[in-house]
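Observations on the model geometry
Read off the chains here:
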Amino acid sequence: MSVVTPSNPSSPACVDVVLPCLDEAAALPWVLARIPAGWRALVVDNGSTDGSADIARSLGATVVHETRRGFGAACHAGLTAATADIVCFCDCDASLDPSLLVPFVREVLDGEADLVLGRRRARGLGAWPAHARAGNFALARLLRRRTGLRLHDLGPLRAARREPLLALGLSDRRSGYPLQMVVRAADAGWRITEHDVPYLPRTGASKVTGTWRGTWQAVRDMSHVLAEPPAGGRAAS
């Protein structure tokens, strides 16, 4: 269940940026300062105990409270709370700069793509641990085999239109959510593009890929998504 706390409901945004958040108090000021002017930041608090929600609200973000733990649960709560035509996603740990989403949004608005993804390029020591990079590489190859898409990354920086995203019927609420979005978009015939983005050392410890065990769990979640039959052979969700 999610609850939205608006920061300024009288000021509509042309783009909503979903920022899943679990104990990211140290990173929030940097991330929110880089949200493009006129866009709305939707910080989805997923059970933080470090005051992240209060910090986000004080910095002008709209806070969505999602009680069900899981990266996918937080992302989907943000998507359903969004009201703008274009919805973007970005991690809330300062590893990615949300201002880089501007050309992504332009590409969608201009009708050149339906889903735009950021291909992470590590900048600095520790930005992308070897085990996380290996897991991502393996999944990209499996994705290519499943869909034919020649993508190199399944990173969290992305942009698309809200209504078509909701129509995909995304059901994963854990680590498989970003992959399921791409798989179902591919099954639906979406035009999907990928662009290089700098990937910085994150603030704090990763909740998903900070360890081999976490990476393995994420890969297992995503493997289940890849095992889904194409849209024509899948029951409506």
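Sequence order as written defines the numbering, with residues in each chain counted from 1. In keeping with the model being predicted, local features are shown solely for residues with a pLDDT of at least 70 and side-chain atom pairs are shown and tallied solely at 80 or more, while totals for entire chains, interfaces and linings include all residues. The basis for the side-chain values is all heavy atoms of the structure; hydrogens and waters are excluded.

1. Topic: the overall build of the protein
Selection criterion: Only DSSP runs of H or I reaching four residues or more are called helices, and only runs of E reaching two or more are called strands; each is numbered from the N terminus. Each residue is assigned to one of three classes by its accessible area relative to the maximum for its type, calculated with a 1.4 Å probe on protein chains only: buried under 20%, partly exposed between the two thresholds, exposed over 50%. Should any heavy atoms of two residues lie within 4.5 Å, those residues are considered in contact. Each accessible area is a Shrake-Rupley result for a 1.4 Å probe, and residues are judged covered by the shown protein chains and nothing else.
Broken down by element type, the protein carries eight helices and eight strands. Considering the protein as a whole, with its 237 residues, one finds that 51% of them fall into the buried category. Taking the contacts inside the protein whose residues are at least 6 apart along the sequence as the reference set, 77% of them involve residues at least 24 apart. On the protein, roughly 10600 Å² of surface is accessible, and the fraction owed to carbon and sulfur atoms is 55%.

2. A closer look at the pattern of salt bridges
The line we're drawing: Here, a salt bridge means any Lys or Arg side-chain nitrogen found within 4 Å of an Asp or Glu carboxyl oxygen.
Enumeration according to the criterion identifies eight salt bridges in this entry. With its nearest N and O atoms 2.1 Å apart, the salt bridge here joins Arg161 to Asp85. In this pair, Arg161 is assigned in strand β7 (residues 158–161) and Asp85 in the loop between α3 (71–81) and β5 (86–89), connecting sequence segments 76 residues apart. With a relative accessible area of 27%, Arg161 lands in the partly exposed category.

3. Quick word on α3
Burial within α3 is extensive, with nine of its 11 residues counted as buried. Of the residues making up α3, those classed as buried are Gly72, Ala73, Ala74, Cys75, His76, Ala77, Gly78, Leu79 and Ala81.

4. With respect to helix α4 (residues 102–109)
Basically, it comes down to this: The arc refers to the directions leading from the helix axis to the C-beta atoms.
Here α4 has its buried residues at Phe104, Val105, Glu107 and Val108. Considered in projection along α4, the buried side chains sweep an arc of 160° and stay on one side of the axis. Residues of α4 that are buried in the fold lie against β2 (15–21), β5, β6 (115–122), β7 and β8 (192–199). Remark: Gly111 follows α4 within two positions and exhibits a positive phi of approximately 75°.

5. A closer look at the environment of Leu170
Among the secondary structure elements, Leu170 is positioned in the loop between α6 (162–167) and α7 (177–187). Judged by relative accessible area, Leu170 falls into the buried class, the value being 4%. Leu170 sits 98 residues away from Gly72 along the chain, and the two C-alpha atoms are 9.1 Å apart. Residue contacts for Leu170: discarding those within four places in its chain leaves His76, Leu165, Tyr177, Gln180, Met181 and Arg184.

6. Focus: the side chain of Gln180
Considering the arrangement of structural elements, one finds Gln180 in helix α7. The residues touching Gln180, leaving out its near neighbours within four places in the chain, are Leu170, Ser171, Asp172, Val225 and Glu228.

7. Describing unusual backbone geometry
Even without being glycine, Asp23 reaches a positive phi, approximately 55°. Within the fold, Asp23 resides in the loop between β2 and α1 (28–32). According to the relative accessible area criterion, Asp23 is partly exposed, its value standing at 30%. Even without being a glycine, Ala94 presents a positive backbone phi close to 70°. Within the fold, Ala94 resides in the loop between β5 and α4. On the basis of relative accessible area, Ala94 is assigned to the buried category, the value being 9%.

8. Details of the pairing of β7
Note the threshold: DSSP bridges decide pairing: two strands pair if at least two such bridges lie between them.
Pairing analysis gives four bridges linking β5 to β7, with the strands arranged antiparallel. Bridge pairing links Val87 to Ala160 in β7.

9. Observations regarding empty space enclosed by the protein
Rule in force here: Think of a 1 Å grid over the protein atoms and nothing else: a 1.4 Å probe that fits but is trapped marks a cavity, an open set flanked by protein within 12 Å on at least five of seven lines marks a pocket, and residues with an atom within 4 Å of a point count as lining. Grid points are joined across faces, edges and corners, and a volume is the space filled by probe spheres set on the points. Note that Gly is not counted as nonpolar here; it falls among the polar residues with everything else outside the nonpolar set of Ala, Val, Leu, Ile, Met, Phe, Trp, Tyr, Cys and Pro and the charged set of Asp, Glu, Lys and Arg.
In total, this model carries one cavity of 30 Å³ or more according to the counting rule given. Roughly 50 Å³ of internal volume is contained in the largest cavity. In this structure, the largest cavity is lined by Phe71, Cys75, Phe89, Cys90, Asp91, Pro156, Arg158, Tyr177, Pro178 and Met181. For the lining of the largest cavity, the secondary structure elements donating two or more residues are α3 and α7. Among the elements that line the lining of the largest cavity, the one with the most residues is α7, at three residues. For the lining of the largest cavity, the per-class residue count stands at eight nonpolar, no polar and two charged.

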